[in-house]
Amino acid sequence: MEEINYTKVLLVGLDTGKEQDFDHSMEELKSLAEAAYKQVVGIIVQRMPAVNKAFYIGTGKVEEVREYAGQCEAEEVVFDNALSPSQVRNLGRELGLPVLDRTNLILDIFAIRAQTKEAKLQVETARLQYFLPRLVGMRENLSRQGGTTGGSLSNRGAGETKLELDRRKIEHRISELRKDLDEIAGARQTMRKKRSQSPIPKVALVGYTNAGKSTIMNRMVDLYGDNTENGYAEKKTVLEKDMLFATLDTNVRCINPRKDENIPFFLSDTVGFIDKLPHGLVKAFRSTLEEVKYADLLIQVVDFSDEHYRQHMEVTAETLKELEAGDIPQIVVYNKADKCGMPELPRVNGGQIHMAASLGCGMEELVEMIKECVYADRVEAAFLLPYDKGGIVSYFMENATVLEQEYREDGVWIRVSCRKSDADKYSIYQKSA
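The rules behind these values
Residues numbered from 1 in each chain as written. Predicted model: local features only at pLDDT ≥ 70, side-chain atom pairs only at ≥ 80, totals over all residues. Heavy atoms only, no water. pLDDT = per-residue confidence, 0-100. Helix = DSSP H or I, 4+ residues; strand = E, 2+ residues; numbered from the N terminus. Contact = heavy atoms within 4.5 Å. Buried < 20%, exposed > 50% of the residue type's maximum accessible area, 1.4 Å probe, protein only. Pairing = 2+ DSSP bridges. Axes fitted to C-alpha atoms, helices over the stretch in contact; angles between N-to-C directions.

## Re the confidence of the model for the protein
Next, step 1: Across the protein, the average pLDDT comes to 82, with 84% of residues at 70 or higher.
Next, step 2: Strand 11 (residues 352–354) holds the highest mean pLDDT among the elements of the protein, 97, whereas helix 9 (residues 286–289) holds the lowest, 68.
Next, step 3: Across residues 137–159, confidence stays below pLDDT 50; counting only partners more than four residues off in sequence or on other chains, it has 33 contacts.
Next, step 4: Across residues 227–234, confidence stays below pLDDT 50; counting only partners more than four residues off in sequence or on other chains, it has 21 contacts.

Spelled out as structure tokens, the structure:
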């Protein structure tokens, strides 16, 4: 196993009194730093009513940070909020150390976690978009004039500066990345279109990062996902780990919990949300996140053992609204309820369930809730189909549960459990039992 070299970092926070829970934000910043393989060697907090436009924190506190960073041998200084390009430049000059903000930290985590080609392209795009406005002051020799460059970066004369060249290189690279992502997005859209044409309902797991979405996905796959004989997806689990942003890619599996009833649904596991999620990441990952937008039902997974779970639900609601998915019906899963000492699990209350996915507790009840939501319009109907209507028979075989079937002189008589819309569509052939 490859040995990980942890970077020593000093965390710095500014409490203006406007944040709902500043201490929680700092705790989350520490968790983010650890997720980016950084060792937190110290934390400094300043409380003042407004942000310093030049340094984010006060000038006196900048001196304190520089001295403390030297004492604890910090290699980087990480700030709890997004910094402006000028603040990064000013702080870097005064502290003599690399300066990161919360956005930069989350981008680092995404870069570490990215596994697929699409995720890597999305992360690189977001990082370059973040870096572009911060070019000014990044080098001592930016005023040096550049010479001729090859490729698409044609020479604009002796007045071309190093800064302009860097900016053009980054813009050119972003353009290339967007073309590659558009191709992948096109393929994703094709797959999404095929699923949309299928009568199989689409269910998406959403929620705050590390709430247990991948755990629920894997339990579903373990219990109900091996449906290869029915032409559905192979049994394949996703990465499941107790860390922030363990998975970045949207994974879709076909779940068929009641093979005798034939009530399958597509289940997708999406990237987790977090407070102050960088807009650049939401934009770069939009094609991936939009899987949520096309779902028939959302399963919002909440870490019930986290005392800040209500704030996490608010962040999830805001992010879903940004993705134009705020009005999709939801089931709320209060996961990890076993860690709160809650007896008699699972507990179902309307569209909510308290459960413990890691223990397999509540999975059957959750499946039943999903079934009631996505197959609520299920009815029983009987049809007498002429023999030249074999296509309709095949349709019901694939998309309904055939309860009885009989070959008669005037056609095939079948009794099925199907969607009401299908019963209405073929009502001309309906026949009482």
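## Quick word on the pairing of strand 5 (residues 202–207)
Next, step 1: With respect to burial, strand 5 is a largely interior element, six of its six residues being buried.
Next, step 2: Burial along strand 5 is two-sided: K202, A204 and V206 facing one way and V203, L205 and G207 facing the other are all buried.
Next, step 3: Taken together, the four bridges between strand 5 and strand 7 (residues 265–269) define a ladder with parallel strand orientation. The partner of A204 across the bridge, within strand 7, is S268.
Next, step 4: Bridge count for strand 5 against strand 8 (residues 297–303) is five bridges, and the pairing is parallel. Note on strand 8: the bridge partner recorded for V203 is L297.

## Remarks on the sheet that holds strand 9 (residues 330–335)
Next, step 1: In space, the seven strands of this open sheet follow the order 6-7-5-8-9-11-10, with mixed pairing throughout. One side of each edge strand has no neighbouring strand; the edge strands of this open sheet are strand 6 (251–255) and strand 10 (347–349). In this sheet, adjacent strand axes meet at a mean angle of 20° when their direction is disregarded.
Next, step 2: Here five bridges tie strand 6 to strand 7, and the two strands are oriented antiparallel to one another. Looking at strand 7, one finds that I255 is bridged to F265.
Next, step 3: Packed onto the sheet, helix 7 (residues 213–224) meets strand 5, strand 6, strand 7, strand 8 and strand 9 and runs at close to 145° relative to strand 7.
Next, step 4: Where helix 10 (residues 309–322) meets the sheet, its contacts fall on strand 5, strand 8 and strand 9, and the angle it forms with strand 8 comes to roughly 150°.

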